[in-house]
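Examining the three-dimensional arrangement
Listed below, chain by chain, are the residues.
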Amino acid sequence: MALGLLCLGLTLLGILQSQAQDTTPTLIPSPSLSKVPLQPDFQDDQFQGKWYIIGLAGSSFRKGRQSQYNMHRTIYKLNDDHSYNVTSTLLRGQNCDLQIRIFVPSVQPGQFTLGYLPQYVPGQSYTVRVVATNYKEFAMVFFETKFRNRVNFRTTLYGRTKELSPELKQRFVNFAKSLGLTDDNIIFPVPTEKCIDG
Ligand SMILES: *[C@@H]1O[C@H](CO)[C@@H](O)[C@H](O)[C@H]1NC(C)=O
């Protein structure tokens, strides 16, 4: 039972956190959402399509384990009701893992919660906030998960291509640090051919 719950929990927390599950949890408090910037005048149709994960930051990430992180990609498909079907692929061993989520618009444009899928555990709250994007090149997105009293957060730097300029990477580092994270919590996954093309 406990193991079953743990597995469900890991599904919930997503591929990335589950990848980092055996790192020591730290006590970096999740920033108040009101302190996390939001892309003004968010255009959900322009945000659609494929994004490569160029950078990742969160209290559960450790730079020392960077070699274990392969680049993955996420595809956003807009539905008529303005929710997104979000499909992420990640190389794990020799396999491509697929994760499907639904992001439902929340209190303001650019902010989302998780739509219902049967595998989700009740009581979980999940917030996605598009911090900044120019749609055609990069995006920075903030994710917060709450389960019982535990709050976990992370942020990702998305690119339309597998590389982004040093300036954009630095901007992401600065943003991550504004959330209380340190260099040690920021990683840039290794580009790979597998799973992320197509
Ligand atoms: C999103 O997923 C649902 C359920 O699988 C499907 O019916 C719908 O067509 C998908 N929407 C898009 C835009 O692909």
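The sections below set out a description of the structure shown in this document.

The rules we used
- Residues numbered from 1 in each chain as written.
- Predicted model: local features only at pLDDT ≥ 70, side-chain atom pairs only at ≥ 80, totals over all residues.
- Heavy atoms only, no water.
- Near = heavy atom within 4 Å.
- Polar contact = N/O pair within 3.5 Å; in protein donor to acceptor, adjacent residues only side chain to side chain.
- Areas by Shrake-Rupley, 256 points an atom, 1.4 Å probe, with all protein chains shown as cover.
- Nonpolar A, V, L, I, M, F, W, Y, C, P; charged D, E, K, R; others polar.
- Pairing = 2+ DSSP bridges.
- Helix = DSSP H or I, 4+ residues; strand = E, 2+ residues; numbered from the N terminus.
- Buried < 20%, exposed > 50% of the residue type's maximum accessible area, 1.4 Å probe, protein only.
- Contact = heavy atoms within 4.5 Å.

1. Some words on the site of the ligand
Close contacts around the ligand come from Lys-77, Leu-78, Asn-79 and Asn-85, and that covers them all. Here Asn-79 contributes a side-chain N or O atom positioned 2.6 Å from a nitrogen atom of the ligand. In the complex, the protein chains occlude 34% of the 360 Å² of accessible area that the ligand would expose alone. Per-class residue counts for the shell around the ligand are one nonpolar, two polar and one charged.

2. Structural notes on the pairing of strand E4 (residues 95-105)
Both strand E3 (residues 84-92) and E4 contribute to a ladder of nine bridges, which runs antiparallel. When the bridges of E4 are listed, Arg-92 appears paired with Asn-95. Two successive antiparallel strands, E3 and E4, enclose a turn made up of two residues, where Gly-93 displays a positive phi of approximately 60°. Connecting E4 to the antiparallel partner strand E5 (residues 111-114) that follows it, the hairpin turn spans five residues, and Gly-110 within it adopts a positive phi of roughly 100°.

3. Comments concerning the environment of Gln-43
The residue Gln-43 is located in the loop between helix H1 (2-19) and helix H2 (44-47) in this model. Counting along the chain gives 91 residues from Gln-43 to Asn-134, while the straight-line C-alpha distance between them is 9.9 Å.

4. What to know about the side chain of Ser-88
Structurally, the position occupied by Ser-88 is in strand E3. Taking relative accessible area as the criterion, Ser-88 reaches 2% and is therefore assigned buried. Side-chain polar atoms of Ser-88 contact the side chain of Thr-74, separated by 3.0 Å. One polar contact links Ser-88 to Arg-101, side chain to side chain, over a distance of 3.3 Å.

5. Describing the side chain of Ser-83
Its location among the elements puts Ser-83 in the loop between strand E2 (73-78) and E3. Residue classification places Ser-83 among the buried residues on the basis of a relative accessible area of 6%. There is a polar contact of 2.6 Å between the side chain of Ser-83 and the side chain of Asp-81. Apart from the residues lying within four places of it in its own chain, the contact partners of Ser-83 are Lys-77, Leu-78, Ile-102, Phe-103, Val-104 and Pro-105.

This is a description of form; function is not addressed.
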